[in-house]
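Coordinate analysis (summary)
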Amino acid sequence: MIRKAALPVLALLLPFMAQAQGPARIDVGASSVTWQDVGWWQAVFGPRAMDLSLALDQAVPYRVFLVGDPARLVIDLKGANLTAQDLPQIFGRDLLHAVRSGSFKRGWSRIVMELPGPYRVASAGMDTRGAQARLNVALWPVAPDQFTPRPSAAAALRNLPDPAVLSDTPIRGEGLVVTLDPGHGGFDPGAQSDDITEAELVLTFALELREAMQAKGITVNMTRDKDDFVALEQRMTSARAAGSHLLISLHADALPKGQAAGATVYVWSNSADDRAARQLAARHERKDLLLGMDLTGQDDALAHALMDFARTDTQPRSEAYARQLTSRMALKGIGLHARPVQGAAFSVLKSPDITSVLLELGFITDGYDRAKMSDPMWRGRMVQAVTEATIGWWKDEAARGDLLRR
């Protein structure tokens, strides 16, 4: 049976997938890209519709979508094993400008086909008759003004949500209090490369970001605004004392050459919750852990429960902010790490009562990242991305509050 839909994005889940053994493979010899059979007029003067047929040894969940600049068809296959050498040999390869394939993320493979012009996905379906399966995609040419790819190619290709469309009316963040936390400082320079230090880079960025946020009506607290050392827990204390809704810790770390590049957003790792709660509850100043709630004199079990309860509210908010931020960075053309949102047990993310993220602007050990972070124009784009993401997140929080009050 062939299931078809004229939608640009598809995700077909097949109930019998659990019976599949091993990763699916594409039979390149039995796959093809061909022109559709049309009349002589269109055959001569074009553009012509195209058919893509991929033969697989078993059915798999898939999704299909289009991105622009240039026009590309993207096919993601779950549970398929593809290499960079597979698809470039497909029959009809000369009808496309380029074909790439390979691993996309854990458990998923991706095919990207650069099209000869603007198209739309007329239909897509998985033919599951017989022992094998076949994914059929029909592409119809459209006028340039009728081409409707995903709004942001960068966001789509990184499996991020589409950026929010901002209105022409200036959006402001009145009522929002943000703590910016430039990492390191003073006798702790952080990572270093040549004569550049992480502490210097992130402070420069934080000061520029503060100016942009304040211009949008956001109240900004800084854990440090000069080259001073601030202990980790004092940074969280500073955020609470300012009544912050959001803490953004800024870093530009070092990793061995070739291991990491691009911006990354970290949120608190759920797997580390219990250990963090024990560590925090063991400290004498437990009243500082939850704004407005004094834990002094309470036993550890109650302290753990209260912190866990608080984090059930703040953790989703932190993750939502991370998604907003990576989406906005992608829209601004900011290079992102292969896994742009990650979990970690960083001390500044432990606070159970304040939405918190750690933003790695890039890696100072990567020459390309280092040059970008030293470039005022690049920092300007990153400042815009963080400011817009922060206001977008704040608007979502306000809407969420309205819904909860109804």
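Rules behind the numbers
Residues numbered from 1 in each chain as written. Predicted model: local features only at pLDDT ≥ 70, side-chain atom pairs only at ≥ 80, totals over all residues. Heavy atoms only, no water. Helix = DSSP H or I, 4+ residues; strand = E, 2+ residues; numbered from the N terminus. Buried < 20%, exposed > 50% of the residue type's maximum accessible area, 1.4 Å probe, protein only. Contact = heavy atoms within 4.5 Å. Areas by Shrake-Rupley, 256 points an atom, 1.4 Å probe, with all protein chains shown as cover. Polar contact = N/O pair within 3.5 Å; in protein donor to acceptor, adjacent residues only side chain to side chain. Pairing = 2+ DSSP bridges. Axes fitted to C-alpha atoms, helices over the stretch in contact; angles between N-to-C directions. Phe/Tyr/Trp six-rings, centres within 6.5 Å; stacked < 30°, edge-to-face > 60°. Lys NZ or Arg CZ within 6 Å of the ring centre and 35° of its normal. Salt bridge = Lys/Arg side-chain N within 4 Å of Asp/Glu carboxyl O. Core = buried A, V, L, I, M, F, W, Y, C linked by side-chain atoms within 4.5 Å. Patch = residues over 30% accessible without salt bridge, like charges linked within 9 Å, V, L, I, M, F, W, Y side chains within 5 Å. Lys, Arg positive; Asp, Glu negative; His and termini not counted. Charge placed at Lys NZ, Arg CZ, Asp CG, Glu CD.

1. Notes on the overall build of the chain
Per the secondary structure count, the chain includes eight helices and 16 strands. Burial status across the chain gives 50% buried among its 406 residues. The contacts of the chain with a sequence gap of at least 6 include a subset with a gap of at least 24, amounting to 74%. Surface summary for the chain: the accessible area is close to 19700 Å², and the carbon and sulfur share equals 53%.

2. Focus on the environment of His184
Position of His184 among the secondary structure elements: in the loop between strand S9 (177-182) and strand S10 (192-193). It is 5.3 Å that separates the C-alpha atoms of His184 and Ala199, two residues lying 15 residues apart in sequence. Not counting residues within four places of it along the chain, the set of residues in contact with His184 comprises Pro189, Gly190, Glu198, Ala199, Arg224, Asp228, Arg235, His251 and Asp253. At 3.1 Å, the side chain of His184 forms a polar contact with the side chain of Glu198. One polar contact links His184 to His251, side chain to side chain, over a distance of 3.5 Å.

3. Looking at the sheet that holds strand S5 (residues 98-105)
In a beta sheet, neighbouring strands pair by backbone hydrogen bonds and run either parallel or antiparallel. If you walk across this open sheet you meet the four strands as S3-S4-S6-S5, and the pairing is antiparallel. Taken across any chain shown, the strands that pair with only one partner, and hence form the sheet edges, are strand S3 (62-67) and S5. For this sheet, the mean angle separating the axes of adjacent strands, direction not counted, is 20°. In this structure, S3 lies alongside strand S4 (residues 72-78), joined through six bridges in antiparallel fashion. Its bridge partner being in S4, Leu66 is matched across the sheet by Leu73.

4. Side note on the packing of aromatic side chains
Inspection of every chain in the model, using the stated rule, returns three aromatic pairs. Residues Tyr321 and Trp393 carry aromatic rings whose centres are separated by 5.8 Å and whose planes lie at 85° to one another, so their mutual orientation is edge-to-face. Of the two residues, Tyr321 sits in helix H6 (residues 300-331) while Trp393 sits in helix H8 (residues 376-405), which places them 72 residues apart along the sequence. For the pair shown, Tyr321 and Trp393 are each scored as buried. Between Trp393 and Trp394 the ring centres are 6.3 Å apart and the planes differ by 35°, which places this aromatic pair in the tilted class. Each of the two residues, Trp393 as well as Trp394, counts as buried. Each member of the aromatic cluster is reached from another via a ring pair, and the members are Tyr321, Trp393 and Trp394. Sitting over the face of the ring of Trp108, Arg63 holds its NZ or CZ atom 4.4 Å from the ring centroid.

5. Concerning the sheet that holds strand S2 (residues 50-56)
If you walk across this open sheet you meet the four strands as S1-S2-S8-S7, and the pairing is antiparallel. Both edges of this open sheet fall to strand S1 (32-35) and strand S7 (119-127), since each of them pairs with a single strand only. Averaged over neighbouring strand pairs, the angle between their axes works out to 15° when direction is ignored. Sheet topology places S1 next to S2; four bridges connect them, and they run antiparallel.

6. Quick notes on unusual backbone geometry
Of note, the amide linkage connecting Asp69 to Pro70 takes the cis form, showing an omega dihedral of 0°. Its place among the elements puts Pro70 in the loop between S3 and S4. Here Asp69, not a glycine, exhibits a phi torsion of approximately 55°, which is positive. For Asp69, the location among the structural elements is in the loop between S3 and S4.

7. Some words on the pattern of salt bridges
According to the stated counting rule, one finds ten salt bridges in the structure shown. Linking Lys226 and Asp228 is a salt bridge whose minimum nitrogen-to-oxygen distance equals 3.4 Å. Here Lys226 falls in the partly exposed class, since its relative accessible area comes to 48%.

8. Brief notes about the nonpolar core
Within the largest apolar cluster, 44 residues are counted, with the highest numbers of intra-cluster contacts made by Met213, Ile248, Met329, Leu359, Met382 and Val386. Every element with two or more residues in this core is listed here: S9, helix H3 (198-215), strand S12 (219-222), strand S13 (246-251), strand S14 (263-268), H6, strand S16 (355-360) and H8. Looking at this core, the element that brings in the most residues is H8, giving nine residues. Apart from the residues within four sequence positions on either side, Leu359 is in contact with Ile248, Ser249, Leu250, His251, Thr264, Val265, Leu325, Met329 and Val386.

9. A word on the pairing of strand S6 (residues 108-114)
With respect to burial, S6 is a largely interior element, seven of its seven residues being buried. Here S6 shows a buried face lined by Trp108, Arg110, Val112 and Glu114 and a second buried face lined by Ser109, Ile111 and Met113. Here S5 folds back onto S6 in antiparallel fashion, the turn holding two residues, of which Gly107 has a positive phi close to 85°.

10. Observations regarding a negative patch on the surface
Side chains of Asp194, Asp195, Glu200 and Asp227 sit close together on the surface and give a patch of like negative charge. Position of Asp227 among the secondary structure elements: in the loop between S12 and helix H4 (232-241).

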